[in-house]
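# Fold and geometry: a report
If you want the building blocks of each chain, they are given just below.
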Amino acid sequence: MTTLFDPITLRGVTARNRIWLAPMCQYSVEARDGIPLPWHLVHLGARATGGFGLVMTEATAVAAEGRITPGDTGIWTDTHAEAWAPITGFLKAHGAVPAIQLAHAGRKASTTPPWRGGVSVPPEDGGWTTYGPSAEPYRKLATPVPMTVADLDATVQAFADSARRAVAAGFEAVEVHSAHGYLLHEFLSPLSNKRTDEYGGSFENRIRLLVRVVDAVRAAVPDETPLLVRVSATDWVDGGWSPEETVELCALLAGHGADLFDLSSGGNDPRQQIPVGPGYQVPFARAVRAKSGTPAAAVGLITEPAQAQQVLDEGSADVILLGRVALREAAWPLRAAHELGVPAADAPYPVQYRRAEWQ
Ligand SMILES: Cc1cc2nc3c(=O)[nH]c(=O)nc-3n(C[C@H](O)[C@H](O)[C@H](O)COP(=O)(O)O)c2cc1C
């Protein structure tokens, strides 16, 4: 029986356990130039010392115009990579696999942070032109400029270049963000992709950009670097991207060198009806894992150690990603070890914290 505290190996990288930090935007780069700050070191570092097996950065932009907000992190220059290096060094030193989520926000770029309404930033306040598959706006955000094939070629290159920089910065795993209504998801979904060229229409055409990105990232990183892909398994809207298409996509991407699928959902259409509840996205991980023969991560309202262990027990997923609960509790894995009776010597305590388990 696999437990939360069993290691897992993907290619040349072993995570010490199966409790991983989900990517979470911090919207906090005050200088608005994508360079990570001491905040990111402390926020991510606390989850490494808190026992997470893998610590994933927030959505980190592969191009300046691919940021969701001006305060997002990026990795579109070598200067960004240099700023990430001390952070990856700290995560590694404390036993966590440093992972980066590479992202392009597409038509949902250039917005204010959630606490300022998530509305389009006007140009006079530092907003920028947004791009997408078609001139279809999301809600009341600015209408995106449809991308030319040259734009798409440049975006594929930006993902590859960013992946190469990420490895140079010390990241040991790379996740391609193709969920939540951002650029790659916008191409997958017929609700946002109205193109009539080879990037729109059929399933094969809608997945073309993501497949190109996966191929380019795979080629840009060493063989031993795991490549993760996050997708929204469904738009939760009739006529949108569907769970069946997700299963077919992931089975195909497994043949393109993707090593683990991270199954989230929604974010591309305001009409979505999401049946939110504990573990509500777990069935998507289960279906993809079964069909693709590739490890899968479950995410979404998994909050209790016994619940997380149950997801592994029933064979639905290989790892658990924690989001909001990990904001409330940076050392969730240490609590889980304590509650599940894992001996202190086998739990992911930093040596400085071992005393916590003394009688
Ligand atoms: C503050 C916050 C920021 C988030 N930012 C990202 C992100 O950068 N990339 C991403 O793929 N998902 C993002 N998410 C979604 C989480 O990764 C996760 O999938 C979601 O919160 C569901 O898991 P949970 O119920 O454990 O929070 C974010 C969620 C929160 C709460």
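See above for the structure.
Below is a summary of the structure that appears in this document. (Residues numbered from 1 in each chain as written. Predicted model: local features only at pLDDT ≥ 70, side-chain atom pairs only at ≥ 80, totals over all residues.)

Glancing now at the overall build of the protein. Check the secondary structure of the protein and you find 11 helices and 12 strands. Taking 359 residues into account, the globule formula puts the C-alpha radius of gyration at 21 Å, and the protein, at 19 Å, falls close to it. Seen through its principal axes, the protein has C-alpha atoms that stretch 65 × 45 × 40 Å. Evaluated residue by residue, the protein yields a buried proportion of 52% over its 359 residues. Partitioning the intrachain contacts of the protein with sequence separation of at least 6 by distance along the chain shows that 71% fall at a separation of at least 24. (Helix = DSSP H or I, 4+ residues; strand = E, 2+ residues; numbered from the N terminus. Rg over C-alpha atoms; globule rule 2.2 N^0.38 Å. Buried ≥ 20, exposed ≤ 12 C-beta atoms within 10 Å, placed from the backbone. Contact = placed C-beta atoms within 7 Å.)

By nearness alone, 19 residues border the ligand, and Ala22, Met24, Ala59, Gly323 and Arg324 come closest of all. Elements supplying a minimum of two residues to the shell around the ligand: β4 (54–61) and α10 (324–328). Per-class residue counts for the shell around the ligand are 10 nonpolar, 6 polar and 3 charged. (Near = placed C-beta within 6 Å. Nonpolar A, V, L, I, M, F, W, Y, C, P; charged D, E, K, R; others polar.)

The next subject is the pairing of β4. Counting buried residues in β4 gives 8 out of 8 residues, a clear majority hidden from the surface. Bridge count for strand β3 (residues 19–21) against β4 is 2 bridges, and the pairing is parallel. Directly across from Leu21, in β4, lies its bridge partner Val55. Sheet analysis places β4 next to strand β5 (residues 97–103), joined by 6 bridges and oriented parallel. Across the sheet, residue Ala59 finds its bridge partner in β5, namely Gln101. Each parallel crossover has a hand, and the one from β4 via helix α2 (residues 78–93) to β5 is right-handed. (Pairing = 2+ DSSP bridges. Right-handed = clockwise from strand over helix to strand, strands pointing away.)

Another point: the sheet that holds β4. Two strands in a sheet stick together by hydrogen bonds in their backbones, pointing the same way (parallel) or opposite ways (antiparallel). Taking strand neighbours around the barrel as the criterion, the 8 strands line up as β3-β4-β5-β8-β9-β10-β11-β12 in a closed arrangement whose pairing is parallel. The mean angle between the axes of side-by-side strands here comes to 25°, regardless of whether they run parallel or antiparallel. (Axes fitted to C-alpha atoms, helices over the stretch in contact; angles between N-to-C directions.)

For Trp128, the position within the fold is in the loop between β5 and β6 (131–132). Residue class for Trp128 comes out partly exposed when judged on the 16 C-beta atoms lying within 10 Å of it. For the pair Trp128 and Gly89, spaced 39 residues apart in the sequence, the C-alpha separation amounts to 33 Å. If we skip the residues at most four places from it in the chain, Trp128 touches Glu65 and Ser110.

Here the focus is unusual backbone geometry. Positive phi, close to 60°, is recorded for Ser110, a residue that is not glycine. Following the sequence through the fold, Ser110 ends up in the loop between β5 and β6. Within the chain, Arg139 stands out as a residue other than glycine whose phi angle is a positive 45°. Considering the arrangement of structural elements, one finds Arg139 in the loop between β6 and β7 (145–146).

Right, let's talk about the environment of Ala158 for a bit. Its place among the elements puts Ala158 in helix α3 (residues 149–168). You can call Ala158 buried: it has 22 C-beta atoms within 10 Å. Separated by 97 residues in the primary sequence, Ala158 and Ala61 place their C-alpha atoms 9.4 Å from one another. Look past the residues within four positions of Ala158 in its chain and what remains in contact with it is Val62, Ala63 and Trp76.

Considering the arrangement of structural elements, one finds Ala179 in the loop between β8 (173–178) and α4 (183–188). A sequence separation of 138 residues divides Ala179 from Leu41, and the C-alpha atoms of the two residues are 25 Å apart. Sequence-distant contacts of Ala179, that is, excluding residues within four places in its chain, are made with His185, Arg230, Val231, Ser232, Ser264 and Gly267.

Generally speaking, a soluble globular protein has its nonpolar side chains buried in company with each other. If you look at the biggest cluster of nonpolar residues, it comprises 103 residues, and the most contacted ones within it are Leu54, Val174, Val217, Ala297, Ala298 and Ile320. Among residues more than four places away in sequence, those in contact with Ile320 are Leu4, Arg18, Ile19, Trp20, Ala298, Ile302, Ala308 and Val311. (Core = buried A, V, L, I, M, F, W, Y, C linked by C-beta atoms within 7 Å.)

Here helix α7 (residues 243–254) is 12 residues long and its end C-alpha atoms lie 16 Å apart, about the 16 Å a rise of 1.5 Å per residue gives. Listed in full, the buried residues belonging to α7 are Glu245, Thr246, Leu249, Cys250 and Leu253. For α7, the angular spread of buried residues about the axis comes to 130°, placing them on one side. Close packing links the buried residues of α7 with α5 (203–206), α6 (208–220), β9 (227–232), β10 (260–264) and α8 (282–292). (Expected span 1.5 Å × (residues − 1). Arc of directions from axis to C-beta.)

Attention now moves to helix α11 (residues 332–339). In an α-helix, one full turn covers 3.6 residues, which means residues spaced three or four apart are oriented alike. Residues of α11 that are buried include every one of Trp332, Pro333, Leu334, Ala336 and Ala337, and no others. Residues of α11 that are buried sit in contact with β3, α9 (305–313), β12 (319–322) and α10.

The next thing to look at is the pairing of β5. The element β5 is extensively covered by neighbouring structure, given that 7 of its 7 residues are classed as buried. Both faces of β5 are covered, namely the face carrying Val97, Ala99, Gln101 and Ala103 and the face carrying Pro98, Ile100 and Leu102. By the bridge criterion, 4 bridges tie β5 to β8 in an arrangement that is parallel. The partner of Leu102 across the bridge, within β8, is Val176.

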